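The residues making up each chain are set out below.
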Amino acid sequence: MRIDTNRAVELIDITDDVLAEVYKSSIQNGICLVSTTHTTTAIIINENEPGLLSDMFNLLNKLVPPGAGYNHDPIDNNADSHLRAMLLGSSETVPIVDGKLVLGTWQRIFFVELDGPRQRKVHITLVKNVG
Amino acid sequence: MRIDTNRAVELIDITDDVLAEVYKSSIQNGICLVSTTHTTTAIIINENEPGLLSDMFNLLNKLVPPGAGYNHDPIDNNADSHLRAMLLGSSETVPIVDGKLVLGTWQRIFFVELDGPRQRKVHITLVKNVG
Amino acid sequence: MRIDTNRAVELIDITDDVLAEVYKSSIQNGICLVSTTHTTTAIIINENEPGLLSDMFNLLNKLVPPGAGYNHDPIDNNADSHLRAMLLGSSETVPIVDGKLVLGTWQRIFFVELDGPRQRKVHITLVKNVG
């Protein structure tokens with residue numbers, strides 16, 4: 001799935017896209033892997049509340065400040081984006097039970113842009129359990 | 001699986017429950033996904049040593065202090081719980097080989113309560129490899 | 001797979017080993033789980049650029065400094081290694097599509113030694129999708 005991001009850092013709620021893929025498949029039980037192929041993006045699951053999303057970027061700014069003398073910066077000037085991606089992780093996996101993605105009431109799946117804006121890709125991989 | 005947590009923050013060792021699910025299934029080779037459906041809990045794998053478990057919460061207190069002017073706090077007063085959950089992740093996946101969960105000597109699977117006490121749910125999803 | 005690490009902290013690029021396992025298998029579509037069985041190591045995916053790899057250890061030193069009065073240290077003197085492993089996570093999962101591991105241009109899979117040097121193990125688990 002292609003995603004065009006609009007800002008340097010951005011949380012994009014892709015839950016509906018993932019739900020649509022699960023619905024289109026014939027899978028009743030299994031797992032759904034949501035992954036990114038970039039080294040300055042991440043996938044997380046949490047609540048879609050604008051204040052919380054801004055808190056998340058404020059926290060990353062505090063823990064991994066931009067331009068803090070990183071050795072990677074002379075090469076590409078985005079060390080902080082890579083380091084934040086490492087902390088958040090490049091994928092999330094969610095169960096599928098009785099044809100439905102097992103997400104809690106407040107759980108939403110986010111693509112996390114950490115070095116945008118860019119054209120990005122997200123992979124949704126479904127695995128059927130035949131056990 | 002239902003879990004009743006007892007404290008605001010708490011690490012609950014659920015390894016034996018996961019092992020029992022793997023044993024009950026007929027799966028010889030595959031994977032086991034342990035996931036939470038909440039946005040203020042997490043799943044981690046590490047050693048079950050009480051000192052280390054307290055170190056973990058002390059670290060979270062330092063990295064993501066409670067009540068640090070978060071934008072989400074006027075809504076629900078638990079931004080730190082959400083942010084800690086994002087850092088730790090909502091699931092872990094473990095291989096199953098020859099009918100057994102592949103855990104190292106010191107590895108234990110923990111449900112991490114970050115905004116308790118509450119009634120919580122953990123999902124254990126097994127996927128058989130037929131390859 | 002056995003890995004002999006050479007330093008206290010070290011990032012070892014195991015991408016080629018993982019690619020070889022996927023190639024050897026007959027799996028066209030599915031997922032590949034790369035996991036560690038130790039509580040002071042981790043698996044991450046990011047770019048293999050030496051400056052960035054040093055930045056990553058500098059960040060861990062800042063966020064989780066060694067010997068900071070941890071309760072686990074009187075027992076084993078490696079609390080920082082455990083805590084860093086918790087933040088990074090013990091596995092990564094990557095899609096397999098048309099017989100190939102879905103990695104982006106800059107994505108490499110790393111075994112992260114956080115308490116070496118030691119003999120370590122990494123598990124590569126492939127699950128075929130028959131859906």
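Let me begin by describing the structure that accompanies this report.

**With respect to helix α4 (residues 79–88) of chain C**
Residue and element names in this part refer to chain C.
Here's step 1: In terms of burial, α4 is a largely internal element, 10 of the 10 residues being buried.
Here's step 2: Listed in full, the buried residues belonging to α4 are Ala79, Asp80, Ser81, His82, Leu83, Arg84, Ala85, Met86, Leu87 and Leu88.
Here's step 3: Positive phi appears at glycine 89, one or two residues downstream of α4, with a value of about 95°.

**Quick look at the relation of the copies chain A and chain C**
Here's step 1: Mapping chain A onto chain C is achieved by rotating through 120° and translating by 0.0 Å along the same axis, at an RMSD of 0.0 Å. Seen this way, the second copy is the image of the first under a three-fold rotation axis. Among all C-alpha atoms of chain A, that of Leu87(A) lies closest to the rotation axis, at 3.8 Å.

**Comments concerning the sheet that holds strand β4 (residues 41–46) of chain C**
Residue and element names in this part refer to chain C.
Here's step 1: Strand order in this open sheet of 3 strands is β2-β7-β4, and the pairing throughout is antiparallel. Of all strands in the sheet, those bounded by a partner on one side alone are β2 (10–13) and β4. Put simply, the sheet's adjacent strands are angled 30° from each other on average, direction ignored.
Here's step 2: The sheet contact formed by β2 and strand β7 (residues 108–113) spans 4 bridges and is antiparallel. Residue pairing in the sheet places leucine 11 in a bridge with valine 112 of β7.

**Some words on the interface of chain B and chain C**
Here's step 1: Counting from both sides, the interface comprises 32 residues of chain B and, opposite them, 30 residues of chain C.
Here's step 2: Where chain B abuts chain C, roughly 2400 Å² becomes buried across the two surfaces, and 63% of that area is made up of carbon and sulfur atoms.
Here's step 3: Summed over the shared surface of chain B and chain C, the result is 0 salt bridges.
Here's step 4: On the surface where chain B and chain C come into contact, there are 12 residue pairs in polar contact (both at pLDDT 80 or more).
Here's step 5: When residues of the side of chain B that touches chain C are traced back to their parent elements, those giving at least two are β3 (30–36), β4 (41–46), α2 (50–63), α4 (79–88), β5 (91–97) and β8 (119–128) of chain B.

Parameters at a glance
Residues numbered from 1 in each chain as written. Chains lettered and ligands numbered in written order. Predicted model: local features only at pLDDT ≥ 70, side-chain atom pairs only at ≥ 80, totals over all residues. Heavy atoms only, no water. Buried < 20%, exposed > 50% of the residue type's maximum accessible area, 1.4 Å probe, protein only. Helix = DSSP H or I, 4+ residues; strand = E, 2+ residues; numbered from the N terminus. Least-squares fit on C-alpha atoms with pLDDT ≥ 70 in both. Pairing = 2+ DSSP bridges. Axes fitted to C-alpha atoms, helices over the stretch in contact; angles between N-to-C directions. Contact = heavy atoms within 4.5 Å. Buried area = accessible area lost by both parts, 1.4 Å probe. Salt bridge = Lys/Arg side-chain N within 4 Å of Asp/Glu carboxyl O. Polar contact = N/O pair within 3.5 Å; in protein donor to acceptor, adjacent residues only side chain to side chain.

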